[in-house]
Amino acid sequence: MTAQQLDVIGFGNAIVDVISRAEEAFLDTHEMRKGGMTLIDEPRAEAVYGAMGPGVEISGGSAANTMVGVAALGGRAGFIGKVRDDELGGIFAHDIRAAGVAYATPPAANGPTTARCLILVTPDGERTMNTYLGAAQGLSPVDVDEAMVASATVTYLEGYLWDPPAAKEAFLKAAGIAHGAGRTVALTLSDAFCVGRYRDEFLKLIREGTVDLVFANEAELTSLYETDFDAALAALRREARRAVVTRSEKGALSVAGDELVAVEAYPVAKVVDTTGAGDLFAAGYLHGFSRGFSAEESLRLGALSAAEIISHIGARPERGLKELAEENELRV
């Protein structure tokens, strides 16, 4: 896959997910904030991993999951993220390439080990994440493949990248290259707690036009503006060039100036695990957006992709998303 073929390129933390079921008492015992993402150090990661029940290990990370979703829909996706040249790093690289995503970021020869995210799924399907960023924090401007970024229709940036300073610099470099090539820059706010840490900086990115397209869920949006949903949405419509807001079972909406388009959520027999729901929603929307589909078509692709993900454990599709879209009479 050459750089000239990319529809979407994602920048994010290259992480191996470890997913396990747990009762809420487990979260209380280990003082975890249900439904959030907490950054942890390596000793904490080892302690939680040792206490977890049987789990599933798979390459992950928010933007990486999104790029896998784009590829599953038939899109041409690339990913830039840092791993260590260790066993988990090799697993990550092999898995994401096998999913059809272009990935060529050189692994780190030394330093922290490959990142991992310990995900506890409670009986209600909610996921609580404990993330050791490890080698992912080493992503720096030198890792930005300028040709890939300039050629991609959309450059998609993960809000979690705002934690490590060097990755933040890579983020801004990529945005500058994309805009220099006349491309679209998208940002996902990632997590309400992440928004709480970097609210002013995220607002600056939106207000100054560093990002053209913002993805948020209800919790992230209300945290961004520190107000209720309706007031926050009104503020977002004034300040963002384009934005997409997911609302769980209430569906999702897209805003761009005076335009507001809303779609309903696709029905799901049972919510098994919400891990990756936002990531795959973004995949569906970005696939449609990069292909020039309407806002409604793009939202529906996102809603369908999210519905598939929450029907089973893990953040990777178990059904072919392209075929699923076609069954639901959505063009891909």
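Residues numbered from 1 in each chain as written. Predicted model: local features only at pLDDT ≥ 70, side-chain atom pairs only at ≥ 80, totals over all residues. Heavy atoms only, no water.

For the chain, the name recorded in an unreviewed UniProt entry is Adenosine kinase, with Ancylobacter mangrovi as its organism. Listed in UniProt under the heading Sequence similarities (unreviewed entry), the comment for the chain reads: "Belongs to the carbohydrate kinase PfkB family." (UniProt positions renumbered as here; feature names shortened; annotations may be inferred.)

*Asks:* Explain the overall build of the chain residue by residue, including any values.
*Replies:* When its secondary structure is counted, the chain shows twelve helices and 14 strands. Relative to its length of 332 residues, the chain is compact, with a C-alpha radius of gyration of 18 Å against a globular reference of 20 Å. Burial analysis of the chain (332 residues in total) assigns 58% to the buried set. Nonlocal contacts in the chain, meaning residues at least 24 apart in sequence, comprise 74% of its contacts between residues at least 6 apart. With the model as given, the accessible surface of the chain reaches about 13,100 Å², and the carbon-plus-sulfur share is 49%. Positive and negative charge centroids in the chain, built from 30 and 47 side chains respectively, lie 4 Å apart. (Helix = DSSP H or I, 4+ residues; strand = E, 2+ residues; numbered from the N terminus. Rg over C-alpha atoms; globule rule 2.2 N^0.38 Å. Buried < 20%, exposed > 50% of the residue type's maximum accessible area, 1.4 Å probe, protein only. Contact = heavy atoms within 4.5 Å. Areas by Shrake-Rupley, 256 points an atom, 1.4 Å probe, with all protein chains shown as cover. Lys, Arg positive; Asp, Glu negative; His and termini not counted. Charge placed at Lys NZ, Arg CZ, Asp CG, Glu CD.)

*Asks:* I'd like a description of the sheet that holds strand β12 (residues 242–246), backed by residues and values.
*Replies:* The nine strands lie next to each other as β6-β5-β1-β9-β10-β11-β12-β13-β14, forming an open sheet whose pairing is mixed. Both outer strands of the open sheet, β6 (102–103) and β14 (259–263), are each paired with one neighbouring strand and no more. Here strand β1 (residues 8–11) runs beside strand β5 (residues 77–80); their pairing, made up of four bridges, is parallel. Counterpart to Val8 in the pairing with β5 is Ala77. (Pairing = 2+ DSSP bridges.)

*Asks:* Let's hear about the sheet that holds strand β8 (residues 127–132): which residues, and what values?
*Replies:* Spatially, five strands are ordered β3-β8-β7-β2-β4 in an open sheet, and the strand pairing comes out mixed. The sheet terminates laterally at β3 (37–39) and β4 (55–60), the two strands that pair on one side only. With strand direction ignored, the average angle separating the axes of adjacent strands in the sheet is 20 degrees. (Axes fitted to C-alpha atoms, helices over the stretch in contact; angles between N-to-C directions.)

*Asks:* Go over the packing of helix α3 (residues 62–72) against helix α10 (residues 277–290) with me, naming the residues and quoting the values.
*Replies:* For the pair α3 and α10, the least separation of the axes is 8 Å and the interaxial angle reads 45 degrees. As summarised for this structure, α3 and α10 are arranged oblique, according to the angle between their axes. In this structure, the crossing between α3 and α10 has a hand that is right-handed. Along the contact surface, α3 presents Ser62, Asn65, Thr66, Gly69 and Val70, while α10 presents Asp279, Leu280, Ala282, Ala283, Leu286 and His287. A per-class count over the contact of α3 with α10 returns five nonpolar, five polar and one charged. (Parallel < 35°, antiparallel > 145°, perpendicular 65-115°, else oblique. Left-handed = near helix turned anticlockwise from the far one by under 90°. Nonpolar A, V, L, I, M, F, W, Y, C, P; charged D, E, K, R; others polar.)

*Asks:* Tell me about the UniProt feature "domain: Carbohydrate kinase PfkB" (unreviewed entry) in the chain, residues and numbers included.
*Replies:* Residues given the UniProt feature "domain: Carbohydrate kinase PfkB" (unreviewed entry) here are residues 58–316. Secondary structure content for residues 58–316 is 42% helix and 20% strand, while the C-alpha to C-alpha distance between its ends is 9 Å.

*Asks:* Break down helix α8 (residues 218–225) for me, citing the residues and quoting the values.
*Replies:* Taken across its eight residues, α8 has six buried, putting it largely inside the fold. Buried within α8 are the following residues: Glu218, Glu220, Leu221, Ser223, Leu224 and Tyr225. In this structure, the buried side of α8 is in contact with α7 (192–207), β11 (213–217), α9 (229–239) and β12. Here α8 starts with a cap whose side-chain oxygen sits 3.2 Å from the backbone nitrogen of Ala219, and that cap is Asn217. Downstream of α8 by one or two residues, Glu226 has phi in the positive range, about 50 degrees. (Polar contact = N/O pair within 3.5 Å; in protein donor to acceptor, adjacent residues only side chain to side chain.)

*Asks:* Can you explain the packing of α10 against helix α11 (residues 295–309)? Please cite residues and give values.
*Replies:* Direction vectors running N to C along α10 and α11 enclose 150 degrees, while the axes themselves pass 7 Å from each other. Considered as vectors, α10 and α11 are oriented roughly antiparallel to each other. In terms of crossing hand, the pair formed by α10 and α11 is right-handed. Counted together, Ala277, Leu280, Phe281, Gly284, Tyr285, His287, Gly288 and Phe289 of α10 and Ala295, Ser298, Leu299, Leu301, Gly302, Ala303, Ser305, Ala306 and Ile309 of α11 form the full contact between these two elements. Across the contact of α10 with α11, the residue classes tally to eleven nonpolar, six polar and no charged.

*Asks:* Any chance you could break down the state of the cysteines for me, citing the residues and the numbers?
*Replies:* A complete count under the given rule lists zero disulfides for this structure. Cys117 carries a free sulfur, and the closest cysteine sulfur to it, the one in Cys194, is 13 Å from it. Its relative accessible area of 4% is what places Cys117 among the buried residues. (Disulfide = S-S within 2.5 Å.)

*Asks:* Could you give me a rundown of empty space enclosed by the protein, with the residues and numbers involved?
*Replies:* The tally for this structure, following the rule as stated, stands at one cavity of 30 Å³ or more. Of the voids in this model, the largest cavity is the one considered here, and its volume is about 30 Å³. In terms of lining, the largest cavity is formed by Leu73, Leu301, Leu304, Ser305, Leu321, Leu324 and Ala325. Of all elements in the fold, only α11 and α12 (321–327) reach the threshold of two or more residues within the lining of the largest cavity. (1 Å grid on protein atoms, 1.4 Å probe; cavity = no way out; pocket = protein on both sides within 12 Å on 5 of 7 lines; lining within 4 Å. Points joined across faces, edges and corners; volume = space filled by probe spheres on them.)

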